[in-house]
Amino acid sequence: MENIIEIKNADLHYNDFKALKNINMNIPKHEITALIGPSGCGKSTLLKSINRMNDLVEGCKIEGEFLLEGKNIYQDYDVNILRKEVGMVFQKPNPFPMSVYDNVAYGPRTHGIRKKKDLDDIVEDALNKAAIWEELKDRLKKSALGLSGGQQQRLCIARALAVKPKVLLMDEPTSALDPISTLKIEELAEELKKEYTIANVTHNMKQAARISDTTAFFLLGEMIECNQTTEIFSHPRNNKTEEYITGRFG
Amino acid sequence: MRELFIKQLEELNKSLHQMGILIQDAIHNAIEALKTMDKEKAKEIIDADSIIDHKEKEIESACLHLLLQQTPVAGDLRRVSSALKMVTDMERIGDHAADISEIVLILNKIEYQDILDCLMKMAETTTKMLDKCMNAYLSEDLKLADQVADMDDIVDNLFVEVKHAIANAVVMDKENGEQVLDLLMIAKYFERIGDHAENISEWVVFSITGVHKDERVI
């Protein structure tokens, strides 16, 4: 099993507050990795660190190594290139206030693709991969803001896919969606892992159990346990993991 | 939410405990009925089997509701799923106690004290096996659950002993052929009860460790 992301001895401080404590974990290629834990445990902080979303956060200090395909995310990558390689989907769908087409074409355009035919192909391909082409192919010029929440989230996934990333980070991607839209995103994630690697922060234990291959449990900035999802949800090694997943706290 | 779940789990444990007592009583009463040729008692056991059947349905329903409403994981999932498996064997034990009682209804005086002694030992051992199973499940005591398999060997040996005694009886006493065959049936029912008790203990081990008969099921 090849690891696309390796995190070694990672500490993260927000001023005096230590949000991540000596994290060591790998994210396997072409798998879905779920990051679970109670609010404030550091899982979203870790996800954002993989995409350097903390760069502009005042007082944020990161130590240790974050490697993408063996290269240091903080030293060997230009942040724009990094974010092309590592896409991000947020909790609340955040389409740009522009057409469906322009939302998806936005990334490729910023990376210099100008030809209409090329952009058309990229938009169709990305919307197809996000399982929303059939729903939107006749509404490409309409505003993305008129879509339902579930459609907006899949559009945001398409927008992230349009720049052909290697890794897709999802921060509670379905927490604002209805059950049908959630199911569509989950099925989509299952399909996408054939081509991409997905890291998914979720509060939804059932979702983690359903779709992820690996699950990492975080508590108070520490990674308590990381193992195959079936192991975590059937035989957690650590008592704190068992207490959390069985709802004894959190 | 967890409080409700704990309450539901406690209710499940209580029902399992009650069913455990019902089947232990059924075995105890069946051997008493055989010993004393108490046909009234035998009829009561046969009638009471429906209570055991009902208890099985009640526990199955409770388990399915727990799975539906609480979607348990880890140790919780193992407890609920093993309870669901255990009740099937428990219900079969109830059936066998009724089967033994059916034979009591057609038997008259037992001529063979040595065979009766063996059957009494089988009843006593299987009752103890069930007691250990229930206590092991409720107190998550792996050691106790592991003892049950060894006890099934005792029951199996007693069955072999009964078989030999019956073979002798057939040779020595051609008059009571039908009675010895009935006694052999009873011995076989007790032997099966031992097997079911061992099955239950294996699910108790699974509920504690996740391992069922040396294999990881989940």
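Scroll up to find the structure.
This write-up is about the structure you can find in this document. (Residues numbered from 1 in each chain as written. Chains lettered and ligands numbered in written order. Predicted model: local features only at pLDDT ≥ 70, side-chain atom pairs only at ≥ 80, totals over all residues. Heavy atoms only, no water.)

Right, let's talk about the overall build of chain A for a bit. Counting its secondary structure elements, chain A contains 10 helices and 10 strands. With respect to the three principal axes, the spread of C-alpha positions in chain A is 55 × 40 × 35 Å. Taking the intrachain contacts of chain A between residues at least 6 apart in sequence as the baseline, contacts between residues at least 24 apart amount to 65%. Surface exposure of chain A reaches about 11,400 Å², of which carbon and sulfur atoms provide 48%. (Helix = DSSP H or I, 4+ residues; strand = E, 2+ residues; numbered from the N terminus. Contact = heavy atoms within 4.5 Å. Areas by Shrake-Rupley, 256 points an atom, 1.4 Å probe, with all protein chains shown as cover.)

What follows deals with the interface of chain A and chain B. Taken residue by residue, the interface counts 11 residues in chain A and 12 residues in chain B. For the chain A and chain B pair, buried surface summed over both sides reaches about 950 Å², with 48% attributable to carbon and sulfur atoms. When the buried area of chain A at its contact with chain B is split by residue, K206, S234 and H235 of chain A rank highest and sum to 46% of it. Along the contact surface separating chain A from chain B lie 8 residue pairs in polar contact (both at pLDDT 80 or more). Secondary structure elements with two or more residues in the side of chain A that touches chain B: α9 (229–234) and α10 (239–245) of chain A. With 3 residues, the top contributor of residues to the side of chain A that touches chain B is α9 of chain A. Taken together, the residues of the side of chain A that touches chain B break down into 3 nonpolar, 4 polar and 4 charged. (Buried area = accessible area lost by both parts, 1.4 Å probe. Polar contact = N/O pair within 3.5 Å; in protein donor to acceptor, adjacent residues only side chain to side chain. Nonpolar A, V, L, I, M, F, W, Y, C, P; charged D, E, K, R; others polar.)

The next subject is helix α1 (residues 43–50) of chain A. Most of α1 of chain A is tucked away, with 7 of its 8 residues classed as buried. Among the residues of α1 of chain A, K43, S44, T45, L46, L47, S49 and I50 of chain A are the ones counted as buried. (Buried < 20%, exposed > 50% of the residue type's maximum accessible area, 1.4 Å probe, protein only.)

With that settled, the discussion passes to the packing of aromatic side chains. The description of two aromatic rings rests on the distance between their centres and on the angle between their planes. All names here are of chain A. Throughout the structure, instances matching the rule amount to 5 aromatic pairs over all chains. Centroid distance F66 to Y74: 5.6 Å. Interplanar angle 65°. Geometry classified as edge-to-face. Its relative accessible area of 24% is what places Y74 among the partly exposed residues. Here the aromatic rings of Y244 and F249 are separated by 5.7 Å at their centres, their planes lie at 55°, and the arrangement is tilted. Aromatic rings pair up to connect F217, Y244 and F249 into one cluster. Above the plane of the ring of Y101 lies K141, whose end atom (NZ or CZ) is 4.2 Å from the centre. Directly above the ring of F96 sits R159, whose terminal nitrogen or CZ lies 4.0 Å from the centroid. (Phe/Tyr/Trp six-rings, centres within 6.5 Å; stacked < 30°, edge-to-face > 60°. Lys NZ or Arg CZ within 6 Å of the ring centre and 35° of its normal.)

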